Amino acid sequence: MEMIGHGGKEIIERVLAKDAALKRVAEMKAAKVKTLDVRLQMATEILDIAYGFFSPLEGFMTKADVEAVCNNMTLADGKTVWSIPIVYDISSADLEKSGIKQYDEVLLTYTGNPFAIFDITDIFTLDTKEVAMKVYGTTEDKHPGVKRTYQYQDKFLGGKITLLNPPKINEPFTRFWLTPKQMRAKFQEKGWEMIINHQTRNVPHTGHEWLMKGAFLGAYGSMMVDKPRGGVLVNAIIGSKRPGDYIDEAIILCQEAQGKHGYFREDTFLTTCSLWDMRYAGPREAIFHACLRTNLGCTHHMFGRDHAGVGTYYDPYDAHRIFNKVPQGALRIKPIFNLDWWFCPVCDEVTYSGLCGHKDKKASFSGTLIRSIIQDGVKPPRRIFRPEVFDMIMTCAEKYGFGNAFVTEDYLKNRQPVFTIEPLK
Ligand SMILES: [Zn+2]
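The sections below set out a description of the structure shown in this document. (Residues numbered from 1 in each chain as written. Predicted model: local features only at pLDDT ≥ 70, side-chain atom pairs only at ≥ 80, totals over all residues. Heavy atoms only, no water.)

## A short note on the side chain of aspartate 277
Along the polypeptide, aspartate 277 turns up in the loop between β10 (269–275) and α10 (283–295). Accessibility expressed as a relative area gives 5% for aspartate 277, which makes it buried. At a separation of 3.0 Å, a polar atom in the side chain of aspartate 277 contacts the side chain of arginine 148. A polar side-chain atom of aspartate 277 sits 2.7 Å from the main-chain amide nitrogen of serine 240. Leaving out residues up to four positions away in the same chain, aspartate 277 has contacts with Gln41, Arg148, Gly239 and Ser240. (Helix = DSSP H or I, 4+ residues; strand = E, 2+ residues; numbered from the N terminus. Buried < 20%, exposed > 50% of the residue type's maximum accessible area, 1.4 Å probe, protein only. Polar contact = N/O pair within 3.5 Å; in protein donor to acceptor, adjacent residues only side chain to side chain. Contact = heavy atoms within 4.5 Å.)

The following block contains the structure:
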């Protein structure tokens, strides 16, 4: 099975087997190495690094990497495309208190349990305003990615990560989280040669369903149709939430429901998730998503209107245009650019701006409309929501969302964590 990821290198997996991990932790404790307890933001990215979601990254970025990412959209090697800094921040006070120096080997813990080894090769500072401008195209802290950048502490640590303690992925996410290597094994099992990724943070209405179907039909064109040789991979982004977002549980279970109830054949459809805190970096985030899904083994990636954008910071098609700026061959995945799908009452079907001539009659799937349908809780026509998908939204609202399908303060405070790190024994 091919295990080549982004940048043309073998998928990174930096995870110690249990016996080796137990031995290393005992040695590190005996040697009284310095320890740092990481917050959820860091823990998420440590898992992404260790399992190769971020291949070819082997750890948190050094200053040279961050500068190359900001200035040239590559890593420090000058050729591997990378669009978003992956950094580990710490305050000067905490750094001083810890006594950590360059070339130290540090034991990272999460919720108090041994988690990973951090080989620190660089300690540096960044001009966060400059990073914001280069990555997000704005310095306004209303932009959530910029806000996150400004919230970083004043010092950064770069170096390789080795995972000591695999995560326990909690329900209902357990069956949806596959590492890049597991994902590729799954594709092989399914006999898929063409894998179209659909990036999502939404519960699917029929507009989304048709985006996926359109991309599937378009990409399938050149393949023999005697048996399914490809499929749509829904890869939901699960990570930090903002009030008003869909709750994670509804996203993943409603996506899966489309396959369970036959709107896609199960042999051409797979629902999974990746852990990532959206940065809303628009075009640069589109490039990042392409790298991530290359590592998952996908051959195609859908990019919709205003992909990963927020507010009016980006033109709706900036995230398409940026692919023209990437050197040919630098990405091992083919972008599929989706335009606008809508429902046409004259054609009586979901159609597309490039096909239907009844433009003045179009009924768009506006976010506000969809939101009000869900909040009313009255089952909408099946041409807007598949009934089983709609039922699942309501079930998830009750079971996981404290009565709401959208993120509330209550949800943020009281939800079950997506993953936990248990004592290592
Ligand atoms: Zn029409």
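Let us keep going from here.
## Remarks on the packing of helix α5 (residues 128–136) against helix α6 (residues 144–151)
Running from amino to carboxyl end, α5 crosses α6 at an angle of 155°, the nearest separation of the two axes being 9 Å. In terms of their interaxial angle, α5 and α6 are classed as roughly antiparallel. Our pair here, α5 against α6, has a crossing hand that is right-handed. Each of Thr128, Lys129, Val131, Ala132 and Tyr136 in α5 lies in contact with α6, whose residues at this interface are Gly145, Val146, Thr149 and Tyr150. Across the contact of α5 with α6, the residue classes break down as five nonpolar, three polar and one charged. (Axes fitted to C-alpha atoms, helices over the stretch in contact; angles between N-to-C directions. Parallel < 35°, antiparallel > 145°, perpendicular 65-115°, else oblique. Left-handed = near helix turned anticlockwise from the far one by under 90°. Nonpolar A, V, L, I, M, F, W, Y, C, P; charged D, E, K, R; others polar.)

## What to know about the pattern of salt bridges
For the structure on display, the rule yields 27 salt bridges. For lysine 23, the salt bridge is made with glutamate 27, and the minimal N-O distance between the two is 3.7 Å. On the criterion of helical spacing, the pair formed by lysine 23 and glutamate 27 is a turn pair, its members being four residues apart in helix α1 (residues 18–30). Assessed through its relative accessible area of 38%, glutamate 27 is described here as partly exposed. A salt bridge links aspartate 267 to arginine 265, with the shortest nitrogen-to-oxygen separation between them at 2.7 Å. A relative accessible area of 32% places aspartate 267 in the partly exposed class. Of the residues examined, arginine 265 reaches a relative accessible area of 52% and is grouped as exposed. Ionic contacts of the salt-bridge type, sharing partners, join the residues Lys23, Arg24, Glu27 and Glu105 into one network. (Salt bridge = Lys/Arg side-chain N within 4 Å of Asp/Glu carboxyl O.)

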